[in-house]
Amino acid sequence: MDNNLIKIENLVDIDIQNSIESFITSTSFRWYYSPGTIVVQELDDESKKFVIVDGINPPQFVHTVVKDSKQNSEFFNLIQPIIENLADNLKTDIEIIRVKFNFLLQNVDSTYHYPHTDTDIIDSNIKTMIYYVNESDGDTYIFDKLSPLINNTVSIKETVSPKKGSAIIFDASTLHSGSSPVHYPTRIVLNVVFKILN
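We now turn to the structure provided with this report. (Residues numbered from 1 in each chain as written. Predicted model: local features only at pLDDT ≥ 70, side-chain atom pairs only at ≥ 80, totals over all residues. Heavy atoms only, no water.)

This part covers the overall build of the protein. Regarding its fold elements, the protein presents three helices and 11 strands. Ordered by position from N to C terminus, the α and β elements of the protein give β-α-β-α-β-β-α-β-β-β-β-β-β-β. Here the C-alpha radius of gyration of the protein, 16 Å, is about what a compact globule of 198 residues would show, namely 16 Å. Referenced to the eigenvectors of the C-alpha coordinate spread, the extents of the protein come out at roughly 45 × 45 × 30 Å. Evaluated residue by residue, the protein yields a buried proportion of 50% over its 198 residues. Contacts spanning at least 24 positions in sequence make up 85% of the contacts within the protein whose residues lie at least 6 apart. (Helix = DSSP H or I, 4+ residues; strand = E, 2+ residues; numbered from the N terminus. Rg over C-alpha atoms; globule rule 2.2 N^0.38 Å. Buried < 20%, exposed > 50% of the residue type's maximum accessible area, 1.4 Å probe, protein only. Contact = heavy atoms within 4.5 Å.)

Dropping the structure here:
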């Protein structure tokens, strides 16, 4: 698998797409408030080198299903079909490092959020998948590969518009960011950080 952006349409069947969206937007699913998409003040000095304070940093709601390769939520079975289909699509075994739902509310500002990486380990086998849970706007921005350790400026390499049920995959050390929905009330994604094992 190379460094190029991989796009997958309908990662899971429409019934599963609808079931996941319906459940996580119900009152049975717990969301936790985060004061920003990146909470810079909670990062250690090394991790701060992988975030560029540029753009906007709105609050969001999160639900972490897997943290540090350990299950962190009773709802792991909800995302199991996504994980299985991810491995099937890549035709490889994977190790899950982190799985987190991110829930953004509508905003008048469509500026991209703080560019960041999903790991501070440079390893081409560690990937990020962003799965789009609902129909929304709020593009995902993929930036050039210049490391913030060298240069704190970025150029936009590509943008991807959300489409329910679709997913994108890229190196977890790639600078990227989301943006808030302007035309839809919510933007919900599942962020999966994983390692390719073979």
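Here the focus is the nonpolar core. In terms of nonpolar packing, the biggest core is built from 31 residues, with Val-99, Phe-101, Met-129, Tyr-131, Val-192 and Phe-194 touching the most fellow members. Put simply, the parts of the chain that give this core at least two residues each are α1 (14–24), β3 (60–67), α3 (76–90), β5 (94–105), β6 (126–132), β9 (167–171) and β11 (186–196). Here the element with the most residues in this core is α3; it accounts for seven residues. Of all hydrophobic cores here, the second largest spans seven residues; its members include Ile-130, Ile-142, Val-160 and Phe-170. (Core = buried A, V, L, I, M, F, W, Y, C linked by side-chain atoms within 4.5 Å.)

Moving on, we get to the packing of aromatic side chains. This structure, assessed with the given rule, holds 12 aromatic pairs. Consider the rings of Phe-61 and Phe-103, whose centres lie 6.3 Å apart with planes at 85°: the pair is edge-to-face. On the criterion of sequence distance, the pair formed by Phe-61 in strand β3 and Phe-103 in strand β5 is long-range, its members being 42 residues apart. By relative accessible area, Phe-61 is classed as partly exposed at 27%. In this structure an aromatic cluster arises from ring pairing among Phe-23, Phe-29, Trp-31, Tyr-33, Phe-61, Phe-75, Phe-101 and Phe-103. (Phe/Tyr/Trp six-rings, centres within 6.5 Å; stacked < 30°, edge-to-face > 60°.)

Here the structure, examined in full by the defined rule, presents eight salt bridges. The residue Lys-164 makes a salt bridge to Glu-21 at a minimum N-O spacing of 2.6 Å. Of this pair, Lys-164 sits in the loop between β8 (156–160) and β9 while Glu-21 is found in helix α1, placing the two residues 143 residues apart along the sequence. For Lys-164, a relative accessible area of 15% puts it in the buried group. The partner of Asp-171 in a salt bridge is Lys-127, and the shortest N-O contact between them spans 2.4 Å. In this pair, Asp-171 is assigned in strand β9 and Lys-127 in strand β6, connecting sequence segments 44 residues apart. With respect to class, Asp-171 is no different from Lys-127; both count as buried. (Salt bridge = Lys/Arg side-chain N within 4 Å of Asp/Glu carboxyl O.)

Taken across its eight residues, β3 has six buried, putting it largely inside the fold. With three bridges connecting them, strand β2 (residues 32–34) and β3 associate as antiparallel partners. The residue bridging Tyr-33 from the neighbouring strand is Phe-61, located in β3. Across five bridges, β3 lies against β5 in antiparallel orientation. What sits directly across from Thr-64, in β5, is Lys-100. Linking β3 back to strand β4 (residues 70–71) in an antiparallel pair, the connection comprises two residues, with Asp-68 at a positive phi of about 50°. (Pairing = 2+ DSSP bridges.)

Strand order in this open sheet of three strands is β8-β7-β10, and the pairing throughout is antiparallel. This sheet does not close on itself; its edge strands, each paired only once, are β8 and β10 (176–177). The pairing of strand β7 (residues 140–143) with β10 spans two bridges and is classified as antiparallel. Among the inter-strand pairings, Tyr-141 is bridged to a residue of β10, identified as Ser-177.

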